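Coordinate inspection notes
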Amino acid sequence: MKPRIEILQTKKLVGKSLKMSLTNNKTGELWASFSPKIKDIKNKCTTDKISMQVYDASYYTNFNPNNEFEKWATVEVAHFKDVSKEMETFTLNGGKYAVFDYKGSSNDSNTFFQYIFMTWLPNSEYQLDNRPHFEVLGEKYKNNDPSSEEEIWIPIK
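An account of the accompanying structure is given in this report. Just so we're clear, the structure is a prediction, and the values are computed from it rather than from any experiment. (Residues numbered from 1 in each chain as written. Predicted model: local features only at pLDDT ≥ 70, side-chain atom pairs only at ≥ 80, totals over all residues. Heavy atoms only, no water.)

**Things to note about the packing of aromatic side chains**
Applying the stated criterion across every chain yields a total of 17 aromatic pairs. On the basis of an interplanar angle of 65 degrees and a centroid distance of 5.8 Å, the ring pair of Y97 and W153 is categorised as edge-to-face. On the criterion of sequence distance, the pair formed by Y97 in strand β6 (residues 95-103) and W153 in strand β8 (residues 149-155) is long-range, its members being 56 residues apart. Comparing Y97 with W153 shows no difference in burial state: the two are buried. An aromatic cluster of three or more residues is present, and its members are Y55, Y59, Y60, F63, F69 and F117. (Phe/Tyr/Trp six-rings, centres within 6.5 Å; stacked < 30°, edge-to-face > 60°. Helix = DSSP H or I, 4+ residues; strand = E, 2+ residues; numbered from the N terminus. Buried < 20%, exposed > 50% of the residue type's maximum accessible area, 1.4 Å probe, protein only.)

So, in structure tokens, the structure goes:
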């Protein structure tokens, strides 16, 4: 479970966002409202979907599963021209990320995230950076399927 370290270039994202917490998880609702609209988004760069979390600076230092964060369901676009009024835009600034390849159901990912934050990160030369976290859901992603594959991008410095 060793990550690769990548320098992300700035990305332009179009999608929808919702405030939620781990105890009041609205991910299914968010993706259900966004997925039917993907086909209407112009200038997509890839067919990948990006699930992104934007946390307050103190989210992990004062961790509580009731703390709210902003969750995004997005796709990458070449530019923000012709964006539908029901969509939101987000500029994901570049930077250094630890990229983990995850295989398994998203329902079983808690153990994987515990490993990242409780084992890998404290024993690495890196610190968590205060930038968005995201998952790239590519063609091998299958929602809640044990054979699903995705990339987990953790911001580091």
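**Focus: the pairing of β8**
β8 sits mainly inside the fold: 5 of its 7 residues count as buried. Relative to β8, strand β7 (residues 133-137) runs antiparallel, the two being bridged by 3 bridges. When the sheet's bridge partners are listed, V136 is paired in β8 with E151. (Pairing = 2+ DSSP bridges.)

**Description of the nonpolar core**
If you look at the biggest cluster of nonpolar residues, it comprises 15 residues, and the most contacted ones within it are F34, I41 and V75. Listing elements by their share of this core, those giving two or more residues are β2 (11-20), α1 (27-34) and β4 (69-77). The biggest single contributor to this core is β4, with 4 residues. Excluding anything up to four places from it in sequence, F34 contacts V14, G15, K16, I41, A73, T74, V75 and M87. (Core = buried A, V, L, I, M, F, W, Y, C linked by side-chain atoms within 4.5 Å. Contact = heavy atoms within 4.5 Å.)

**Regarding the environment of N93**
By the secondary structure assignment, N93 is in the loop between β5 (88-92) and β6. Spatially, the C-alpha atom of N93 lies 18 Å from that of T46, the residues being 47 residues apart in sequence.

**A few points about the sheet that holds strand β3 (residues 49-54)**
Taken together, the 8 strands give an open sheet; going across it, the order is β1-β6-β8-β7-β3-β4-β2-β5, and neighbouring strands pair in antiparallel fashion. Each of the sheet's edge strands pairs with one partner strand only, and the pair in question is β1 (4-8) and β5. Looking at each pair of strands side by side, their axes are set apart by 35 degrees on average, direction ignored. (Axes fitted to C-alpha atoms, helices over the stretch in contact; angles between N-to-C directions.)

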